[in-house]
Amino acid sequence: MHKFKTVFRQVYLKNLRSGAFIWMVLAPIVIAAIGGLIGFFIAKSQEDVTVALVTPQTELQPALNQIKVADLKIKKSIKTEAAAKKALSQDKIDGYATVRTVKNNLQVNYISRTDSQSLPFTELNAQFTQLNLQYQAQRLKMSSAQLATLLQPVQTKQKSVSFKDGKQVARNDNQRAVNVVMATATAVIMMMFIMSYAGMIASEVASEKGTRIMEIILSSIDVKTQFLGKICGIFALILTQLLIYAVLFVGGRSFVNQIIAKQYPQIKALLASLQLPSFWSTQILITIAFFIIGILTYTVLAAMLGSLVSAVEQVQQVITPISLFAVFAYVIGLMAANGTDNFIVKVTAYIPLLSPIVMPVRLATEAAGTSEALISLAISIVVMILLYFVSLTLYRANVLVYSDGNVWQSMRSSFNILTNRKRKN
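Note that the coordinates shown come from a computational prediction; the quantities given were computed from them, not determined experimentally. (Residues numbered from 1 in each chain as written. Predicted model: local features only at pLDDT ≥ 70, side-chain atom pairs only at ≥ 80, totals over all residues. Heavy atoms only, no water.)

Undergrad: A description of the nonpolar core should follow, citing residues and the corresponding values.
TA: The biggest cluster of nonpolar side chains holds 71 residues, and the ones touching the most others in it are Y197, F227, I234, I319 and I322. Elements represented by at least two residues in this core include exactly α1 (2-16), α2 (19-45), α7 (173-210), α9 (223-263), α11 (282-306), α12 (315-337), α14 (355-364) and α15 (370-398). It is α11 that provides the largest number of residues to this core, a total of 14 residues. In this structure Y197 touches F21, M24, I234, L237, I238, Q241, I295 and T299, once residues within four positions along its chain are discounted. Core analysis: the next-biggest nonpolar cluster, separate from the first, contains 16 residues, L72, V99, L124 and F128 among them. (Core = buried A, V, L, I, M, F, W, Y, C linked by side-chain atoms within 4.5 Å. Buried < 20%, exposed > 50% of the residue type's maximum accessible area, 1.4 Å probe, protein only. Helix = DSSP H or I, 4+ residues; strand = E, 2+ residues; numbered from the N terminus. Contact = heavy atoms within 4.5 Å.)

Next up, the structure:
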C-alpha cells in the first residue's frame, strides 16, 4: 500500500502543478467567460432600429402614427419621402417605408441602408396587413362589429411533449433548447477530457520508459502497483477538475439568480421557464457515471498504448487512434443532440468507448430512458474492467521492451513475449 501511495502521490502532484493541467482547467472557463462577455456586450450595445413611415396621402398619416413594433423606433417627425431620404443619407435612420394606395390596396416600399441594422420586415408587414384591413373596412363602410370580427385572430394552442419511460410529459420550447445545449456541452466536454487525459497518461508512461527510469522503478515496485497507481493518480486529477467546475457552477448559478436576474427581468423570466435538472437527479448522476467510466476506459487504454513506444515523441502516434475514436463518438453525439436518433445513433449508444459520449446525449434529449442508459452503463463498466486486465497484461509484457520500430511492431513483439511466457509456464 505504501508503494501504491508513493506512485499515486507522485503522478497526482506532478501533474497538478503542471502548466498543462492548469491550462486544461482554465481553458473552458476562459472560453466560456469570453463568449459570455461578447454576447453580453453585443446585446447591450444593440440599439433599437430606427425607421420613418411616410406617405404622399395625408389621410393615411394618422393610421401610420398608430403603428407600434417592439424594439422599433419610428421617427414621427419625418413626414415626407424627401426628408426620409435625407435622414437615411445622414445615417439618422436605418430605413424608411413609403405607403400609398394603388387600386384600392395599400402598397408599401421599403428602403434601407446596407450598413445599418436590418428592418423587422415580418413585424412591419403584419402591421401594414392589419392597416390594409382597416382601410378596406372603411372603404366598404363596414361597421365596427364587423371589423372586429374580421380582425379576430385565429385561436391556436401549442404544446410540446416528450415521452419518459412510456409516459407523456409536457415540455416547452425553452426546455428543449436547454436539453440540446446540455447534450452538446456533454459531448464537447467528454471529448476534451478524453483527449487531454489520454495524452497525459500516455506521456507519463512514455517519459519514464524513454529515460530508462522505468527499470529502476520496477526493480522496487510491482508492475501492477505501478500501473494502478498511475491510473488512480490521473483519476484523482479528473475528480479535482470536476470539483473545481462544480464549485464554479454553484457560485455562477447563485450569481446569475441573485444579481444578473434582478437587473434583467427578461433573464429572470427565461430562467423561471426552464426546468434545469438538480445535481442529484437521475439524469445528472448517470451522466457523471458515464463521464467517469468513459474517461477511465480511455485512460487505461492510453496507458497500455503508451507502454508500446520508447520515447515521448512517439506518443502522438499511438494516441491518434484513440483521438479518432473520440472524435467519431463526438460527431455521433452531435447528431443525437440535434434530434437525430437513427439506427447508427441507437447502436453506438451501447458500444463501449462510444456510449460514454452518445448515451448521455440521448438521455439529455430524452431520446433514451433511464433503463436504456443503465444497460449501456453496465456494458461500459464490464468492458472497462476487462480492458483493465488486458491492458495490465500487455503493459507488464512491453513496459521494459525498447524498440525502434513502429507501434504495430511493438504490439507484435508484446504478443510474442506473452506467448513465450505461456509456453514456459
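Picking up after the structure, the text goes on.
Undergrad: Any chance you could break down the packing of α11 against α12 for me, citing the residues and the numbers?
TA: A pair of packed helices is characterised by two quantities: the angle between their axes and the separation of those axes. In contact at an axis separation of 9 Å, α11 and α12 are set at 160° when each is read in the N-to-C sense. As the angle between them shows, α11 and α12 are arranged roughly antiparallel. In this structure, the crossing between α11 and α12 has a hand that is right-handed. Residues Y298, L301, A302 and L305 of α11 form the contact with α12, whose own contacting residues are V318, I319, I322, F325 and A326. Taken together, the residues of the contact of α11 with α12 sort by class into nine nonpolar, no polar and no charged. (Axes fitted to C-alpha atoms, helices over the stretch in contact; angles between N-to-C directions. Parallel < 35°, antiparallel > 145°, perpendicular 65-115°, else oblique. Left-handed = near helix turned anticlockwise from the far one by under 90°. Nonpolar A, V, L, I, M, F, W, Y, C, P; charged D, E, K, R; others polar.)

Undergrad: A description of unusual backbone geometry should follow, citing residues and the corresponding values.
TA: Backbone geometry follows two general trends: most residues other than glycine have a negative phi, and most peptide bonds adopt the trans configuration. Look at D91: it is not a glycine, yet its phi comes out positive at around 60°. Relative to the elements of secondary structure, D91 occurs in the loop between α4 (81-89) and β3 (95-102). Classification of D91 by relative accessible area gives partly exposed; the value is 47%. The backbone phi angle of L353 is positive, close to 80°, even though this residue is not glycine. Structurally, L353 is set in the loop between α13 (343-348) and α14.

Undergrad: Which residues make up the packing of aromatic side chains, and what are the values?
TA: Overall, the coordinates contain nine aromatic pairs when judged by the stated rule. For the ring pair F193 and Y197, a centre distance of 5.7 Å and an interplane angle of 40° mean the geometry is tilted. A residue pair is termed a helical-turn pair when its members lie 3 or 4 positions apart in one helix, as F193 and Y197 do in helix α7 at four residues. F193 sits in the buried class, given a relative accessible area of 4%. Summarising the aromatic geometry, the rings of F193 and Y245 are spaced 6.5 Å apart at their centres and angled 70° between planes, so their arrangement reads as edge-to-face. Of the two residues, F193 sits in helix α7 while Y245 sits in helix α9, which places them 52 residues apart along the sequence. Comparing F193 with Y245, the two get one shared label, buried. Taken together, the aromatic side chains of F193, Y197, Y245 and F291 make up a single cluster linked through ring pairs. (Phe/Tyr/Trp six-rings, centres within 6.5 Å; stacked < 30°, edge-to-face > 60°.)

Undergrad: Could you give an account of the confidence of the model for the protein, with specific residues and numbers?
TA: When pLDDT is averaged across the protein, the result is 77; 73% of the residues are at 70 or more. Per-element confidence in the protein is highest for α13, whose mean pLDDT is 89, and lowest for helix α10 (residues 265-273), whose mean pLDDT is 56. (pLDDT = per-residue confidence, 0-100.)

Undergrad: Please provide a residue-by-residue account of α1, values included.
TA: Across its 15 residues, α1 extends 21 Å between first and last C-alpha, which sits within 8% of the 21 Å expected from 1.5 Å per residue. If you check which residues of α1 are buried, you get F4, V7, V11, Y12 and N15. The arc enclosing the buried residues of α1, seen along the axis, measures out at 115°, which places them on a common side. (Expected span 1.5 Å × (residues − 1). Arc of directions from axis to C-beta.)

Undergrad: Lay out the pairing of strand β1 (residues 49-54) in plain terms, naming residues and giving numbers.
TA: For β1, a buried count of six out of six residues is recorded, marking the element as mostly surrounded by other parts of the structure. Covered by surrounding structure in β1 are V49, V51 and L53 together with T50, A52 and V54, the residues of both alternating faces. As defined by bridge partners, β1 adjoins strand β2 (residues 72-74) across three bridges and the pair is classed as parallel. Within β2, the position partnered with V49 by the bridge is L72. As paired strands, β1 and β3 are joined by four bridges and run parallel to one another. By the bridge assignment, A52 is partnered in β3 with Y96. (Pairing = 2+ DSSP bridges.)

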